[in-house]
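So you can see what is in the structure, the chains are spelled out below.
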Amino acid sequence: MPSPWMEQLNESQREVVAHGQGPLIVVAGAGTGKTLTIAGRVAHLIEGGVAPERILLLTFTRRAAREMLSRAARLTQRPTPGNVWGGTFHAVANRLLRAYGRPLGIQPDFTVMDQADAADLMNLIREELGLSERERRFPRKDTLAAVYSRTVNAGRRLAEVVEADFPWCREEVDGIRSVFRRYARRKREHNVLDYDDLLLYWRALAAGQGLGSRLTRLFDHVLVDEYQDTNTLQADILSHLCGPTGNITVVGDDAQAIYSFRSATVRNILEFPQRYAGARIVRLEQNYRSTRPILAAANAVIELSPERHVKTLWSERPGDRSPLLMTCLDEADQSDAVCRRVLEHRERGVPLHGQAVLFRAAHHSDLLEIELARRNIPFVKYGGLKFLEAAHVKDAVALLRILENPFDAVSWFRTLQLIDGVGPAAARRLVEWLGVRRGDAPVPPGPSPVLRLLAPGTPGPPSPPDVRSQLEALGAALADCAGEGVPPAAQVERIRRFLAPVFERTYSHPAERLRDLEQLEQLASRSPSRARFITDLTLDPPSSTGDLAGPPSLDEDYLILSTIHSAKGLEWDVVHVIHAADGMIPSDMATGGPEEIEEERRLLYVALTRARNDLYVYFPLRYYRRPRGHEDAHSYAQLSRFLIPATVRSRFESRVAPLAEELIDEPLQDEDQLSSAGHRAVEMSLARLWEG
DNA sequence: CATTTATAAATTTTT
DNA sequence: TTTATAAATG
């Protein structure tokens, strides 16, 4: 009995929605109505009588989950689709482990560390083991965290991973192994899980170590979005959850696989039919998003990929405008060109939020941001948000974590060093003295022993009097926050008061840093509890500058800036892709092997396929080298190698910005001319700062 | 001996 | 702008 709303679907989409029992794989090209189709399937399942709380919808971001569930709600005309389990793998694991983790030795009040925290702990251990002071240099903390995460997520042997992905560390495998051993033990002692643990323990749970049988039967239907970007560990979890003939629906597109750095592997999608025998395969190939010329350009890019992408996207949307490849003189010229185009489109009726500027790395938009601010064009930036990485924010969060989990030694270690006169060595002694270690013993009831020790009036470890008084100030702040019924925002406020003098002493621009803590307070005011706040902060961190701006002013229009990674799954009427130069796309950091380069190609493909009506690709001819050289040292860029082949170029209309034209007409022979062109460009950009 | 200060170097993408 | 290493200071 098909519901009336199914009329709006095409045949393949309907097939997905109406699929009954058993495994299903949907190969959904870009813009083929994937969101609607998944939402439709959820709606259909619920209308067919499946209990919402027995449906699990795994998505790549929380935002995607919200979007799909609200669309499902609209389709079913019910207020909400009940309690469908929706979210990222990590968020769902978090919920499950708090409820069912005990048999695995997990205390339900565990805290979650992000990758930066993990790196800090690795660093601590690295020093403890004396690996940092040897004649040969040992991998640094971020490298260690990356190696660990890759090994765990890919389920490969350490030596193998190091050899393949970190060959320069190959001599240090033994040391790395010893760090990892202690790292794992330490996390357990401190009742802390990292991102990878969330998945590892979920797998253990699903595999039946604990109460697997109960958990396997927790869901009648599992749906997974962006399956091409899942890793081996995640695929394992799914297969434990569903069994080889279970009701699992995965949706993905191998042409859009862009997360191999997180150990994602396209093999998951390619081998799905083997893993789930008898799986039905449905392809969605009609693109509803882009005009034909745009799709033709995107197809031309991906066709050159040596890997097989067995589908051809087609579109019925006519369009008379080819995508434009805009050659600019330099970054400043590029920023100028983008601003002008953006405003042009706004004049013609496309609001700013209907347009996006996409780029490979977060800092690629730096210059553009300055120019936008100068022209009073509001914007919101997605991706690469360093808010939580900033030292001062981490300071505040560390205090919150201590309150939540007094055994979180990493947070203690960080916090204690805020005190004037306490460095790594003293902090370590203090942590020891405080007895920050849980082992397997349950937490004693009542106020934490740690807090009691810090409360004013209690004898402390031998230390200079000024350190004592600062410790007492810290204790007082913690005690105030730990009081009954203090809302999270008030706790952040109290922490801010404690940190104010610390920042004055430590940082050169304390006022700005304190302002960030006000934003943190804003954020906290939306959370019902401290525990929830901390967890949300690590599992669903603010993803855009807009998230931080407090209550959204809906009438305000703003341009979207986004990394290509963060733009996944989104679409805009007008898309501007900047920095289409070799070294940017593909990134210089990713030219190690053919596989990495292919991923960069897919990245460009993802960027191009975000556009509905108009697509612009910008290429600056010249880059000025950054800080040191005081004279205008510059280098010439090559167009991205993915755009050079004739089959691709012919899909674009090429245009050269006036400033760049001169440069191309009089190429390279005359140094004077070059530098005069360079000076002219600088003068132009300076002139723009004072005039107009 | 531990901490602070100075100096140099590096800097993708994200749950 | 942050982070590792070296030298200087308490």
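In the block above lies the structure referred to throughout.
The present account deals with the structure reproduced in this document.

How each quantity is defined
- Residues numbered from 1 in each chain as written.
- Chains lettered and ligands numbered in written order.
- Predicted model: local features only at pLDDT ≥ 70, side-chain atom pairs only at ≥ 80, totals over all residues.
- Heavy atoms only, no water.
- Helix = DSSP H or I, 4+ residues; strand = E, 2+ residues; numbered from the N terminus.
- Buried < 20%, exposed > 50% of the residue type's maximum accessible area, 1.4 Å probe, protein only.
- Contact = heavy atoms within 4.5 Å.
- Core = buried A, V, L, I, M, F, W, Y, C linked by side-chain atoms within 4.5 Å.
- Pairing = 2+ DSSP bridges.
- Axes fitted to C-alpha atoms, helices over the stretch in contact; angles between N-to-C directions.
- Parallel < 35°, antiparallel > 145°, perpendicular 65-115°, else oblique.
- Left-handed = near helix turned anticlockwise from the far one by under 90°.
- Nonpolar A, V, L, I, M, F, W, Y, C, P; charged D, E, K, R; others polar.
- Phe/Tyr/Trp six-rings, centres within 6.5 Å; stacked < 30°, edge-to-face > 60°.
- Lys NZ or Arg CZ within 6 Å of the ring centre and 35° of its normal.

1. Topic: the environment of Y288
Along the polypeptide, Y288 turns up in the loop between β9 (286-287) and α14 (292-303). For Y288, a relative accessible area of 38% puts it in the partly exposed group. With 29 residues separating them in the primary sequence, Y288 and R317 have C-alpha atoms 7.2 Å apart. Residues in contact with Y288, not counting those within four places in the same chain, are N10, Q13, G31, T32 and R317.

2. What to know about the nonpolar core
Of all hydrophobic cores here, the largest spans 108 residues; its most connected members are W202 and L520. A297, A567, M584 and A607 belong to the second largest nonpolar core, which has 51 residues in total.

3. Examining the sheet that holds strand β3 (residues 85-87)
Sheet architecture is open: six strands sit in the order β3-β2-β6-β7-β1-β8, paired in parallel fashion. At either margin of the open sheet sits one strand with a lone partner, and together these are β3 and β8 (280-284). Within this sheet the neighbouring strands show an average axis-to-axis angle of 10°, counted without direction. In the sheet, strand β2 (residues 55-58) pairs with strand β6 (residues 221-224) via four bridges, with the strands oriented parallel. Looking across to β6, one finds that I55 is bridged to H221. Helix α4 (residues 89-100) rests against β2, β3 and β6 of the sheet, and its axis sits at about 135° to β3.

4. Details of the packing of helix α5 (residues 115-128) against helix α6 (residues 141-154)
Remark: α5 packs on α6, axes separated minimally by 8 Å, with the N-to-C direction vectors making an angle of 115°. In terms of their interaxial angle, α5 and α6 are classed as roughly perpendicular. The chirality of how α5 crosses α6 is right-handed. Contacts between α5 and α6 involve Q115, A119, D120, M122, N123 and R126 from the first element and K141, D142, L144, A145, A146, Y148 and S149 from the second. Residue composition of the contact of α5 with α6, by class: six nonpolar, three polar and four charged.

5. Examining the packing of aromatic side chains
Within the structure shown, the criterion is met by 10 aromatic pairs. Measuring from centroid to centroid gives 5.1 Å for Y148 and F180, while their planes differ by 85°, and the two rings are edge-to-face. Of this pair, Y148 sits in helix α6 while F180 sits in helix α8 (residues 173-189); the two residues are 32 residues apart in sequence, bridging distant segments of the chain. Y148 gets classed as buried once you look at its relative accessible area, which sits at 10%. Clustering of aromatic rings is evident, with ring pairs tying together F60, Y259 and F261. Positioned above the aromatic ring of F110, the side-chain terminus of R98 is 4.0 Å from the ring centre.

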